[in-house]
Amino acid sequence: MRDLTPKALVAGALCAAVTTALAQTPAPAPSSNPGTEKHLKNVRQLTHGGENAEAYFSPDGSRLIFQSMRDNYPCDRMYSMKIDGSDLKLVSTGTGRTTCGYFYPGGKEILFASTHEASPTCPPKPSYERGYVWPIYAGYDIYRASADGSKPTPLTRTPGYDAEATIAPDGLIVFTSVRDGDMEIYSMKADGSNVKRLTNRPGPDGGPFFSWDGKQVAFRGKPLSPGPELDGYRALLKEGLWRPTELELFVMGRDGSNQRQVTKLGGANFAPSWHPDGKRLIFASNIADPKGRDFDVYLVNLDGTGLERVTYNNTFDGFPMFSPDGRHVVFASNRNAKTEGETNVFIADWVN
């Protein structure tokens, strides 16, 4: 990304970063223009206060799993709730920092990334002596647990960052890792076995998200050519740091084949997931404010055509996902915030 503000920068960078990032610099006065949000009807706020983000539906569409910084705990933990905001449950261990939760097929199990075995305390924030950088926390591993959070079992045990996992209907997992010295996308079976590398290009690839049929994967990235930018990226990554840059959206087969670029918008485009028709992506972008932190939700065809703006809120809207039946969309937003940095989960009925 070009000289973006820290909050917008990190919100577009890694799911591990978003809620803290949104709290770091002053935001414009929150307001939204629901009259122009023609695809959204009956918008409801599901969380109230704190920093809440990355809510993803269970396979039957009845529950959401999301990360939240609340109750005076200094970093994100993992929660689930019904889609009306009731029956809130802590589903991570309550220690360390967590990110990127998702339901297994059938909805009886979940996975999430956590640092709790590396340390029960929240990992330290980086200093900014080297400019604006974000930590790629080395303590993150991916865990499988029962839907209530019991019996967490590690699926990854490699040094460095393993996170950003989603699951196909047949149980195949895709995730982001730095195990080979770069931010790349990998797949593994539901039990963590048979790990395969899917991307192999210098630069920050990540945020993989399966299509509804599990045949394709959308992701965000920026291929880097040899030169000062790549050298600087690699030097920081060796220290467990990343200075976020411009990001575009890509799609590939579940085996890493047929990789192609979807967007060429500039700015920060991230958090892609799939429209129910399987022909479009829904994602977050700051293209209306490429030097700032005004992110909104957009739709785009897989060939990059048909770009359509969905939300019109002058702070942050991001991490959208459709319900399995296509009737609802969930997203995180700063709209209606009562305090600086407050981010909440919203759900709306989808209007075609």
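Right above here is the structure, for reference.
Presented here is a report on the structure given in the accompanying data block. (Residues numbered from 1 in each chain as written. Predicted model: local features only at pLDDT ≥ 70, side-chain atom pairs only at ≥ 80, totals over all residues. Heavy atoms only, no water.)

### Here's the deal with the packing of aromatic side chains
Moving on, step 1. Taken as a whole and assessed by the stated rule, the structure comprises 16 aromatic pairs.
Moving on, step 2. The ring of tyrosine 79 carries arginine 70 above its face, with NZ or CZ at 5.1 Å from the centroid.
Moving on, step 3. Just above the ring of tyrosine 73 sits the side chain of arginine 77; from NZ or CZ to the centre is 4.3 Å. (Phe/Tyr/Trp six-rings, centres within 6.5 Å; stacked < 30°, edge-to-face > 60°. Lys NZ or Arg CZ within 6 Å of the ring centre and 35° of its normal.)

### Points about the layout of surface pockets
Moving on, step 1. Estimated volume of the largest pocket: approximately 250 Å³.
Moving on, step 2. Elements with a minimum of two residues in the lining of the largest pocket: strand S6 (98–103) and strand S15 (206–210).
Moving on, step 3. Split into classes, the residues belonging to the lining of the largest pocket amount to 14 nonpolar, two polar and no charged.
Moving on, step 4. Around the second largest pocket, the lining residues are Ile136, Ala138, Tyr161, Val178, Gly181, Asp182, Arg234, Leu237, Lys238, Glu239 and Gly240. (1 Å grid on protein atoms, 1.4 Å probe; cavity = no way out; pocket = protein on both sides within 12 Å on 5 of 7 lines; lining within 4 Å. Points joined across faces, edges and corners; volume = space filled by probe spheres on them. Helix = DSSP H or I, 4+ residues; strand = E, 2+ residues; numbered from the N terminus. Nonpolar A, V, L, I, M, F, W, Y, C, P; charged D, E, K, R; others polar.)

### A look at the sheet that holds strand S18 (residues 248–253)
Moving on, step 1. Here four strands make up an open sheet; going across it, the order is S15-S16-S18-S19 and the pairing antiparallel. Here the strands that pair on one side only, and so sit at the sheet edges, are S15 and strand S19 (260–261). (Pairing = 2+ DSSP bridges.)

### Some points on the environment of tyrosine 102
Moving on, step 1. When you line up the elements, tyrosine 102 lands in strand S6.
Moving on, step 2. Judged by its relative accessible area of 9%, tyrosine 102 is buried.
Moving on, step 3. Sequence separation between tyrosine 102 and glutamine 45 is 57 residues, and the spatial gap between their C-alpha atoms is 21 Å.
Moving on, step 4. In contact with tyrosine 102, other than residues within four places in its own chain, are Tyr56, Ile65, Ile110, Leu111, Ala165, Thr166, Ile167, Phe209 and Met321. (Buried < 20%, exposed > 50% of the residue type's maximum accessible area, 1.4 Å probe, protein only. Contact = heavy atoms within 4.5 Å.)

Fair warning: the whole summary comes from geometry, so function is off the table for now.
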